[in-house]
Amino acid sequence: MTDSSRGAMLRRVQIAGFAAHDAQLYLDAHPNDAAALAYFKKYRDLTREAAAAYEKRYGPLTAAASEGSPWPWVTDPWPWEPGANA
């Protein structure tokens, strides 16, 4: 069973993104490491999938132009407000 709460979904984006970024930094110094490249691609794809799932359910993770008004990050609770990580 997977936890699909907002906080858990955001955590998956962060974890996969960190792993992909860390592998990218390693690849800067070791560009011919095939295993590291495969690891990077796996976590890059997981980051994209987790971010897409989060954005579909809760709105954009970055301040990109979107249709509609008001902007979702204006009407959603701020991190310190009750219900922010529901």
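Above this note sits the structure.
Quick caveat, the model's predicted, so the values are computed rather than measured.

1. Describing helix 2 (residues 34-58)
(1) Moving on: With 25 residues, helix 2 should cover 36 Å at 1.5 Å per step; its first-to-last C-alpha distance of 36 Å lies within 8% of that length.
(2) Moving on: Regarding helix 2, the residues found buried are Ala36, Phe40, Thr47, Ala50, Ala51 and Tyr54.
(3) Moving on: Contacts made by the buried residues of helix 2 are with helix 1 (6-29).
(4) Moving on: For helix 2, the N-terminal capping position is held by Asp33, with its side-chain oxygen 3.2 Å away from the main-chain nitrogen of Ala35.

2. Some thoughts on the packing of aromatic side chains
A ring pair, where both rings are aromatic, is described by two values, the distance of the centres and the angle of the planes.
(1) Moving on: Enumeration according to the criterion identifies 2 aromatic pairs in this entry.
(2) Moving on: Pairing Tyr39 with Tyr43 gives two aromatic rings, centres 4.7 Å apart and planes at 40 degrees, and the pair type is tilted. With a gap of 4 residues between them, Tyr39 and Tyr43 both fall in helix 2, about one helical turn apart.
(3) Moving on: Here Tyr39 falls in the partly exposed class, since its relative accessible area comes to 39%.
(4) Moving on: Here the aromatic rings of Tyr54 and Tyr58 are separated by 5.2 Å at their centres, their planes lie at 45 degrees, and the arrangement is tilted.

3. Some thoughts on the pattern of salt bridges
(1) Moving on: All chains considered together, the criterion is met by 1 salt bridge.
(2) Moving on: Between Arg44 and Asp45 there is a salt bridge; the shortest N-O distance is 3.2 Å.
(3) Moving on: Taking the relative accessible area as the measure of exposure, Arg44 reaches 27% and is therefore partly exposed.

4. Some details on the side chain of Thr47
(1) Moving on: With respect to the helices and strands, Thr47 occurs in helix 2.
(2) Moving on: Residue Thr47 is classed as buried on the basis of its relative accessible area, which comes to 19%.
(3) Moving on: For Thr47, the residues in contact, after removing those within four places along its chain, are Val13, Ala16, Gly17 and Ala20.

5. What to know about the packing of helix 1 against helix 2
(1) Moving on: It is the contact of helix 1 with helix 2, at a shortest axis distance of 8 Å, that shows an interaxial angle of 155 degrees. Classified by the angle between their axes, helix 1 and helix 2 sit roughly antiparallel to one another. The handedness of the crossing between helix 1 and helix 2 is left-handed.
(2) Moving on: Considered class by class, the residues forming the contact of helix 1 with helix 2 number 20 nonpolar, 3 polar and 4 charged.

Rules of the game
Residues numbered from 1 in each chain as written. Predicted model: local features only at pLDDT ≥ 70, side-chain atom pairs only at ≥ 80, totals over all residues. Heavy atoms only, no water. Helix = DSSP H or I, 4+ residues; strand = E, 2+ residues; numbered from the N terminus. Expected span 1.5 Å × (residues − 1). Buried < 20%, exposed > 50% of the residue type's maximum accessible area, 1.4 Å probe, protein only. Contact = heavy atoms within 4.5 Å. Polar contact = N/O pair within 3.5 Å; in protein donor to acceptor, adjacent residues only side chain to side chain. Phe/Tyr/Trp six-rings, centres within 6.5 Å; stacked < 30°, edge-to-face > 60°. Salt bridge = Lys/Arg side-chain N within 4 Å of Asp/Glu carboxyl O. Axes fitted to C-alpha atoms, helices over the stretch in contact; angles between N-to-C directions. Parallel < 35°, antiparallel > 145°, perpendicular 65-115°, else oblique. Left-handed = near helix turned anticlockwise from the far one by under 90°. Nonpolar A, V, L, I, M, F, W, Y, C, P; charged D, E, K, R; others polar.

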